[in-house]
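Topology and contacts: notes
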Amino acid sequence: TARAAGPDADRWFGPGSWVLFLLTAVCAGVFLAEERAGGSEVREVLLRFGASRPAHVRTGEWWRFATALFVHIGPRHLLGNMAALLVLGPALVAALGPWRFLFVYLLAGVAGNALSYQTMPPDVVSAGASGAILGVLGALGGQRLRFAASARYRGWQVIAALLAYLAVAVGAEPGVDTMAHVGGLVAGLALGLAIPPPGWRPATASSLS
């Protein structure tokens, strides 16, 4: 099924991009609060604001899988993740809409942190949106594989997504939580394959030509 390009087709930030600005604002606000509370690279501060630590999670603090997505360690960590989100995010928002995007973002991020929990030593403190952002990248791939006719992103956006991924993976500081990245990427791919774009209908035999 062909679809004509709408008036927003060439815009980087479409109507649903408020969700990207909201996520960025929340992460930036939490980071500023961390700095005021004693520093975004201080373990006690990170844990107070919801960073993940296996020893804490094992006591029942499962909510840290979600809150850790909004906590960042140092300004470079925050800036790199938010830049990647603003490059990758618009294409998936355009494909799925803001609410489905938010669902994918949060679920992929939580899945990444859950996998990290299974493999990390009990005293390691981890935080950041990288797993969720890699989930966005995986979901873009899933959308392209299954819903290519409905995906609204273009080749130049895919190139930008790859550059953003390299910024996260290659530019990461030592101690990067690789398993959170892998878990987020795989979960995002699965969600991208499973969640149809708004208004999508499967092709029927009578509509094929």
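Rules behind the numbers
- Positions within a chain are numbered from 1, following the residues in the order the chain's sequence is written.
- Residues qualify for local features only when their pLDDT is at least 70, as the model is predicted, and side-chain atom pairs are given and counted only at 80 or more; totals for whole chains, interfaces and linings, by contrast, use all residues.
- Hydrogens and water are ignored here; the side-chain numbers use all heavy atoms of the structure.
- Under the DSSP-based scheme used, a helix requires at least four consecutive residues in state H or I and a strand at least two consecutive residues in state E, with every element numbered from the N terminus.
- Residue burial is assigned from relative accessible area. The probe radius is 1.4 Å, only protein chains are included, and a residue is buried under 20% of its type maximum, exposed over 50%, and partly exposed in between.
- Any two residues having at least one pair of non-hydrogen atoms within 4.5 Å are treated as being in contact.
- Note on areas: Shrake-Rupley, 1.4 Å probe, and residue coverage restricted to the protein chains presented here.
- The term polar contact refers here to a pair of N or O atoms within 3.5 Å; inside protein, the definition further demands a hydrogen-donor-capable atom paired with an acceptor-capable atom, and it admits residues adjacent in sequence only when both atoms are side-chain atoms.
- For Phe, Tyr and Trp, where Trp contributes only its six-membered ring, two rings pair if their centres lie within 6.5 Å, and the inter-plane angle classes them as stacked under 30 degrees, edge-to-face over 60, or tilted in between.
- To define axes, lines are fitted to C-alpha atoms, for helices over the stretch in contact only, and angles between the resulting N-to-C directions are given on a 0 to 180 degree scale.
- Any angle from 65 to 115 degrees is called roughly perpendicular, while one under 35 is roughly parallel, one over 145 is roughly antiparallel, and all others are oblique.
- By convention the crossing between two helices is left-handed if the near helix lies anticlockwise of the far one by an angle smaller than a right angle, and right-handed if it lies clockwise.
- Under the scheme applied, nonpolar residues are Ala, Val, Leu, Ile, Met, Phe, Trp, Tyr, Cys and Pro; charged residues are Asp, Glu, Lys and Arg; polar residues are all the others, including Gly.
- Residues enter a nonpolar core if they are buried and are Ala, Val, Leu, Ile, Met, Phe, Trp, Tyr or Cys, with the set joined through side-chain atoms within 4.5 Å.
- For every residue, the predictor reports its confidence as pLDDT, a number between 0 and 100.

**With respect to the overall build of the protein**
On a plain count of helices and strands, the protein comes out with 9 helices and 0 strands. Counting all 209 residues of the protein, 44% fall into the buried class. For the protein, long-range pairs separated by at least 24 residues make up 81% of all intrachain contacts whose partners lie at least 6 apart in sequence. For the protein, the accessible area works out to roughly 10500 Å², and carbon and sulfur atoms hold 67% of it.

**Some remarks on the side chain of Arg 53**
With respect to the secondary-structure elements, Arg 53 resides in the loop between helix H2 (43-48) and helix H3 (54-57). Ignoring anything within four residues of it in the chain, the contact list for Arg 53 reads Arg 43, Leu 47, Arg 64, Pro 122, Asp 123, Val 124 and Val 125.

**Digging into the side chain of Asn 81**
Relative to the elements of secondary structure, Asn 81 occurs in helix H5 (residues 75-96). Here the side chain of Asn 81 touches His 72 through a polar contact of 3.1 Å, side chain to side chain.

**Some points on the packing of aromatic side chains**
The final tally for this structure, using the stated rule, is 6 aromatic pairs. Here the aromatic rings of Phe 13 and Phe 21 are separated by 5.1 Å at their centres, their planes lie at 55 degrees, and the arrangement is tilted. When its relative accessible area of 29% is taken as the criterion, Phe 13 is described as partly exposed. Phe 21 gets classed as partly exposed once you look at its relative accessible area, which sits at 43%. Taking 5.3 Å as the distance between ring centres and 65 degrees as the angle between the ring planes, the aromatic pair formed by Trp 18 and Trp 99 counts as edge-to-face. Of this pair, Trp 18 sits in helix H1 (residues 18-37) while Trp 99 is found in helix H6 (residues 98-119), placing the two residues 81 residues apart along the sequence. We classify Trp 18 as partly exposed; its relative accessible area is 36%.

**A few points about the packing of H5 against H6**
Contact pair H5 / H6: the axes reach a minimum separation of 8 Å and the direction vectors enclose 125 degrees. Relative to H6, H5 is oriented oblique. Here H5 and H6 pass one another in a crossing that is right-handed. Touching Leu 85, Gly 89, Leu 92, Val 93 and Leu 96 of H5 are Pro 98, Arg 100, Phe 101, Val 104 and Tyr 105, all from H6. Residues of the contact of H5 with H6, tallied by class, amount to 8 nonpolar, 1 polar and 1 charged.

**Points about the nonpolar core**
Core analysis: the largest hydrophobic core is formed by 29 residues, its most contacted members being Leu 85, Leu 92, Phe 101, Val 104, Tyr 105 and Ile 133. In terms of residue count, H5 provides more of this core than any other element does, 9 residues in total. For Leu 92, the residues in contact, after removing those within four places along its chain, are Gly 97, Phe 101, Val 104, Val 136, Ala 139, Leu 140 and Gln 143.

**Notes on the confidence of the model for the protein**
Counting all residues, the mean pLDDT for the protein is 84, and 78% of those residues have values of 70 or more. Predicted confidence for residues 205-209 stays below pLDDT 50, and this span has 1 contact to residues more than four positions away or in other chains.

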